[in-house]
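Structural features, examined
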Amino acid sequence: MTQYWLMKSEPDECSIDDALAAPKATVPWTGVRNYQARNFMRDGMQVGDGVLFYHSSCPEPGIAGIARVASTTRPDPTQFDAKSPYFDAASKPDAPRWLLLDVQALRKTRLIGLPELRDTPELADMVVLKRGNRLSITPVSPEHWKLITDKLAGDRT
């Protein structure tokens, strides 16, 4: 059964345009350093699941594209790279803490910003809109996915 997710990326690191320009429009989703988000990748996400590609930590955060999970998880090599901002000295190659999976960008959408998401009553209980939520990966209900992909993201830029 297909599941749906919202995955946040800082566009300075990897934007929807960067993902679309990558070979096979596929990028490794590196740098996840939250156990709950890691567990979503490890235990919940399956190849083919839908992804709302969300730009965060930027002047206009919001949903910027539609993607899909393109691989199963594997160790994130940035945790072992001392030059990486995602280095984790406590993580060992024989017992990695952090995982990644590949995400394949399918299409860019117009930016669906936080104000529009908040102003859509049907999305009021969407996890990304809940007070205090800072997770980089959150589940999306089938109803929210359908509303966003059919109605809000229908017109592309």
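As a reminder, the structure under discussion sits directly above these lines.
This is a predicted model, so every value here is computed, not measured.

Conventions adopted
Residues numbered from 1 in each chain as written. Predicted model: local features only at pLDDT ≥ 70, side-chain atom pairs only at ≥ 80, totals over all residues. Heavy atoms only, no water. Helix = DSSP H or I, 4+ residues; strand = E, 2+ residues; numbered from the N terminus. Rg over C-alpha atoms; globule rule 2.2 N^0.38 Å. Contact = heavy atoms within 4.5 Å. Areas by Shrake-Rupley, 256 points an atom, 1.4 Å probe, with all protein chains shown as cover. Lys, Arg positive; Asp, Glu negative; His and termini not counted. Charge placed at Lys NZ, Arg CZ, Asp CG, Glu CD. Phe/Tyr/Trp six-rings, centres within 6.5 Å; stacked < 30°, edge-to-face > 60°. Buried < 20%, exposed > 50% of the residue type's maximum accessible area, 1.4 Å probe, protein only. Core = buried A, V, L, I, M, F, W, Y, C linked by side-chain atoms within 4.5 Å. Polar contact = N/O pair within 3.5 Å; in protein donor to acceptor, adjacent residues only side chain to side chain.

Moving on: the overall build of the protein. When its secondary structure is counted, the protein shows 4 helices and 8 strands. Walking the protein from its N terminus toward its C terminus, one meets helices and strands in the order β-α-β-α-β-β-β-β-β-α-β-α. Against the 2.2 N^0.38 benchmark of 15 Å for 157 residues, the protein shows a C-alpha radius of gyration of 15 Å, consistent with a compact globule. With respect to the principal axes defined by its C-alpha atoms, the protein has extents near 45 × 35 × 30 Å. A separation of at least 24 residues holds for 74% of the contacts in the protein among residues at least 6 apart in sequence. For the protein, the exposed area adds up to about 8,400 Å²; of that, 51% sits on carbon and sulfur atoms. Side-chain charges in the protein split into 20 positive and 20 negative, and the spacing between the mean points of these groups amounts to 3 Å.

Right, let's talk about the packing of aromatic side chains for a bit. Scanning all chains against the criterion turns up 4 aromatic pairs. Summarising the aromatic geometry, the rings of tyrosine 4 and tryptophan 145 are spaced 4.6 Å apart at their centres and angled 20 degrees between planes, so their arrangement reads as stacked. With tyrosine 4 in strand β1 (residues 4-9) and tryptophan 145 in helix α4 (residues 142-152), this residue pair connects regions lying 141 residues apart in the sequence. In this structure tryptophan 145 comes out as buried when scored by relative accessible area, which is 13%.

A general tendency of soluble globular proteins is for nonpolar side chains to be buried together. In terms of nonpolar packing, the biggest core is built from 25 residues, with Met7, Trp29, Met41, Met45, Phe53, Leu101 and Ile137 touching the most fellow members. Counting residues per element, the ones that place at least two in this core are β1, α1 (16-21), α2 (35-44), β3 (50-55), β4 (62-69) and β7 (102-113). One finds Tyr4, Ile112, Val128 and Trp145 within the second-largest nonpolar core, a separate group that totals 18 residues.

Let us now look at the environment of aspartate 43. Tracing the backbone through its elements, the reader meets aspartate 43 in helix α2. Placed 30 residues apart in sequence, aspartate 43 and threonine 73 show a C-alpha to C-alpha distance of 9.4 Å. Within the structure, aspartate 43 has its side chain in polar contact with the side chain of arginine 42 (distance 2.8 Å).

With that settled, consider α2. Buried residues of α2: Ala37, Arg38, Phe40, Met41 and Gly44, and no others. In this structure, the buried side of α2 is in contact with β1, β6 (99-100) and β8 (137-140). With a side-chain oxygen lying 2.8 Å from the backbone nitrogen of glutamine 36, the N-terminal cap of α2 falls on asparagine 34.

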